[in-house]
Amino acid sequence: RGLCRAGFPQLPLRMGLVAPPRETARPLTRTMRAVRTAVAVLAAAHTGAVLADPLPTSLPTDTTRLAYYNKAYTGTIPTEFGELTAITSIALGLNSLTGTVPTEMGRLTGMNEMFKIFSNSFSGALPTQLGAMTELPAYLQLYSNTFSSAIPSELGQLTAMTQQFHLRSNRFSSATPTELGQLTAMTSYFMFESNRLSNTLPTEIGSLTAMADRVYLAFNKLSNAIPTQLGYLDQMSSQLILNANSFSYAIPTQLGTLDQMTTQFNLHSNKLSAPIPTELGELENLGDSFNLYDNKLSSTIPTELGQLDVMSSAFSIHLNSLTAALPTQLGSFKMMAETFELYSNQLCADIPTEVAVLAKNVTSGWSIETGNALGTPCCETLPSVYTCVPTVMPSPQPTVTSLPTPLPTPGPTVFCALGEYFVNGSCMSCAMGKYSYVTAPPWPTSCTLCELGKYSTVVKASACSDCASGKISSEARTSCTDCSAGTFVLNKTSCVDCPSGYYAPTAQVDKCYECSAGDHTKLLSKATGCYGCNSGTHSEALSVNCSECGAGRFSTSRSDTCTNCSSGSISTARSASCTKW
């Protein structure tokens, strides 16, 4: 029937076969078994199926490697494997194996290459006896199974492990063993995400100071504070993944020491509260994925985050309770190309120009206004924090009554410091490229753009600095730039092209160089060089091109005039000399 379903014709049940004599029955049985095997192979070939066999239970005792990777094996791991004490490597990944891992596997104390049983259907508790594989240097890959119960603390004895301690995508529960902090040789792939781990993350994890990348603890039920000891993982260059847990309290300031991080600083989707630490501004090499969104973070966005000026994608701090105005320093993210998300906070006041201009480069994921009150004075949206200065009503006109005219109630005294301006009832710092120098009321309602030839790289500036000689200030006055070759800087205010006959290899100050006689610039304007005329040609000062000497005349190179041939000599046009005839 099975062969018929596979597309093979059904064989007749009665074929006129005669029962064999008893003495030939055993050989015929072996023959029929071979025929059945052959037919099964043909059926598998016809349907494209892979034969699903159990793992062998009998192997030579001197076997050193079990390599049954991706072979569609079914059944369980034979307990007999525990007798193969010469084994150094096991690769059973990507099969359909089930059941529990035999405790007998703990006898394989000579394992010094790998133990890979990932992507099967193993279940139950992980044997504590696996902690006896103390020579295993890497590749403990147990991921993508259905192991449950607690992670054995005995795995902390695998102190030779350097990478690929890989238990993700199982059903491990309970607390993370503190003994895992003994794996101090680990450098990468410390991976436990997508389990059911709970309680506090052990402070001992901070002992893994050689970790360089991939600490994955996401999608568990870890709670309480993130250990400050994670700040000791200062060799981390990428992928600190703690998201989708129940971490609470403040983000540790010590995480600012992870200043080699370049990608994926992920703390999102937790219950973290308090302000964002200013120390996170020290993550100056982070270019991708600064993810703090979906927490309970409060207070203002630190200006120090503007130091993350190589960010190009995924700056996401939305779905929090961040307040006040956007810091102008976020305008330093000039490399941002996608995913700049600040929505659903309590941000207010106008969007700084420095931040608004970033939108033109962000091709997708620009979202800052939804769920905020940007454009509305902070004193209106957050009256408990900011105070609006009331409008002073004019004194009423005198009337015929002899009662004195009441004086208006004065507003609260506000004092703006140098480098600040007064808007919407509060003093705000001048952005980079602007300044304010007012010592007494009335306070300015805006800051002054630095004059041409000046710049400012700080906020709250009371004065601007002069650009260096030969430089001109940028349009935003936040930096000074060079004029291009072939130009000169006029009064530190503009770049002017060199006129005809003048040149500038680099931008000059107030004027370009004169091109002298015998040379030429080749260009009518904006010339970058002055080049000698070839022999047979000449030029006057400030020449664009060289002129050829006519017949009967000659010149050497870089000549300002042509010379007549002497009597008895002749020359053709463009000659370097004359010849006698």
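Residue numbering note: each chain is counted from 1, following its sequence as written. With pLDDT at 70 or above as the cut-off, local features in this predicted model cover only qualifying residues; side-chain atom pairs require 80 or more to be listed or tallied, and sums for whole chains, interfaces and linings still use all residues. The side-chain quantities take in all heavy atoms of the structure and omit both hydrogens and water.

## Notes on the packing of aromatic side chains
Two aromatic rings, drawn from Phe, Tyr or Trp (for Trp, its six-membered ring), form a pair once their centres lie within 6.5 Å of each other, and the interplanar angle then sorts them: stacked below 30 degrees, edge-to-face above 60, tilted otherwise. Tallied over the full model, the rule gives 16 aromatic pairs. Centre to centre, the rings of F147 and F172 are 6.0 Å apart; their planes meet at 15°, and the pair counts as stacked. Here the residue F147 occupies a position in strand β8 (residues 146–148), and F172 occupies one in the loop between β9 (163–166) and β10 (173–175), the gap between them amounting to 25 residues. We note that F147, like F172, is buried. Between F165 and F192 the ring centres are 5.7 Å apart and the planes differ by 40°, which places this aromatic pair in the tilted class. In this pair, F165 is assigned in strand β9 and F192 in the loop between β11 (188–191) and β12 (196–200), connecting sequence segments 27 residues apart. Put simply, DSSP H or I for four residues or longer makes a helix, DSSP E for two residues or longer makes a strand, and each gets a number counted from the N terminus. Exposure classes here rest on a 1.4 Å probe applied to the protein chains alone. A residue is buried below 20% of its type maximum, exposed above 50%, and partly exposed in between.

## Brief notes about the state of the cysteines
The definition used for a disulfide is geometric: two cysteine sulfur atoms within 2.5 Å. Tallied over the entire structure, the rule returns 11 disulfides. The disulfide partner of C348 is C378, and the S-S distance across this bridge is 1.9 Å. An S-S torsion of about 100° defines the bridge between C348 and C378 as right-handed. Separated by 30 residues along the polypeptide, C348 in strand β24 (residues 346–349) and C378 in helix α4 (residues 378–381) bring together distant segments of the chain. Across the disulfide from C515 sits C530; the S-S distance is 2.0 Å. As the torsion about the S-S bond is roughly 80°, the C515-C530 disulfide counts as right-handed. Taken together, the residues C515 in the loop between β39 (513–514) and β40 (519–520) and C530 in the loop between β40 and β41 (531–532) connect sequence positions 15 residues apart. The exposure class assigned to C530 is partly exposed, which follows from its relative accessible area of 22%.

## Side note on unusual backbone geometry
Glycine aside, a negative phi is what most residues show, and trans is what most peptide bonds show. Here the residue pair P441 and P442 is connected by a cis peptide bond, since its omega of 0° sits within 30 degrees of zero. Along the polypeptide, P442 turns up in the loop between β29 (434–435) and β30 (448–449). One non-glycine residue, S174, lies in the positive phi region at around 70°. Mapped onto the elements, S174 comes out in strand β10. Positive phi outside glycine occurs at K460, with the angle close to 60°.

## Observations regarding the pattern of salt bridges
Criterion for a salt bridge: a side-chain nitrogen of Lys or Arg within 4 Å of a carboxyl oxygen of Asp or Glu. Evaluated as defined, the whole model comprises eight salt bridges. Across the pair E193 and R168 runs a salt bridge, and its minimum N-O distance is 3.8 Å. Note that E193 is positioned in the loop between β11 and β12 and R168 in the loop between β9 and β10, a separation of 25 residues in sequence. A salt bridge links D466 to K454, with the nearest nitrogen and oxygen atoms 2.4 Å apart. Here D466, found in strand β32 (residues 465–466), pairs with K454, found in strand β31 (residues 454–455); they are 12 residues apart in sequence, far enough to count as distant. Judged by relative accessible area, K454 falls into the partly exposed class, the value being 25%.

## Considering the sheet that holds strand β18 (residues 271–275)
Backbone-to-backbone hydrogen bonds pair the strands of a sheet. The strands run either parallel or antiparallel. Spatially, nine strands are ordered β10-β12-β14-β16-β18-β20-β22-β24-β26 in an open sheet, and the strand pairing comes out parallel. Bordering the open sheet on either side are β10 and β26 (373–374), each of which pairs with just one other strand. Taken together, the three bridges between strand β16 (residues 246–250) and β18 define a ladder with parallel strand orientation. Counterpart to Y249 in the pairing with β18 is L272. When DSSP locates at least two bridges between a pair of strands, those strands are taken to pair.

## Things to note about the sheet that holds strand β36 (residues 494–497)
Sheet architecture is open: three strands sit in the order β36-β35-β38, paired in mixed fashion. Each of the sheet's edge strands pairs with one partner strand only, and the pair in question is β36 and β38 (508–509). Looking at chain direction, strand β35 (residues 487–490) and β38 are connected through two bridges and run parallel. Bridging from a neighbouring strand, F488 pairs with Q508 of β38.

## What to know about the environment of T257
Its place among the elements puts T257 in the loop between β16 and β17 (263–266). With relative accessibility at 37%, the residue T257 sits in the partly exposed group. In sequence terms T257 and G281 are 24 residues apart; their C-alpha atoms lie 10.0 Å from each other. Setting aside residues up to four positions removed in sequence, T257 forms contacts with G231 and D234. Contacts are assigned to residue pairs with any non-hydrogen atoms lying within 4.5 Å of each other.

## Some thoughts on the environment of K360
Looking at the secondary structure, you find K360 in the loop between α3 (353–356) and β25 (364–367). We classify K360 as exposed; its relative accessible area is 69%. Between the C-alpha atoms of K360 and M336, which are 24 residues apart in sequence, the distance is 9.7 Å.

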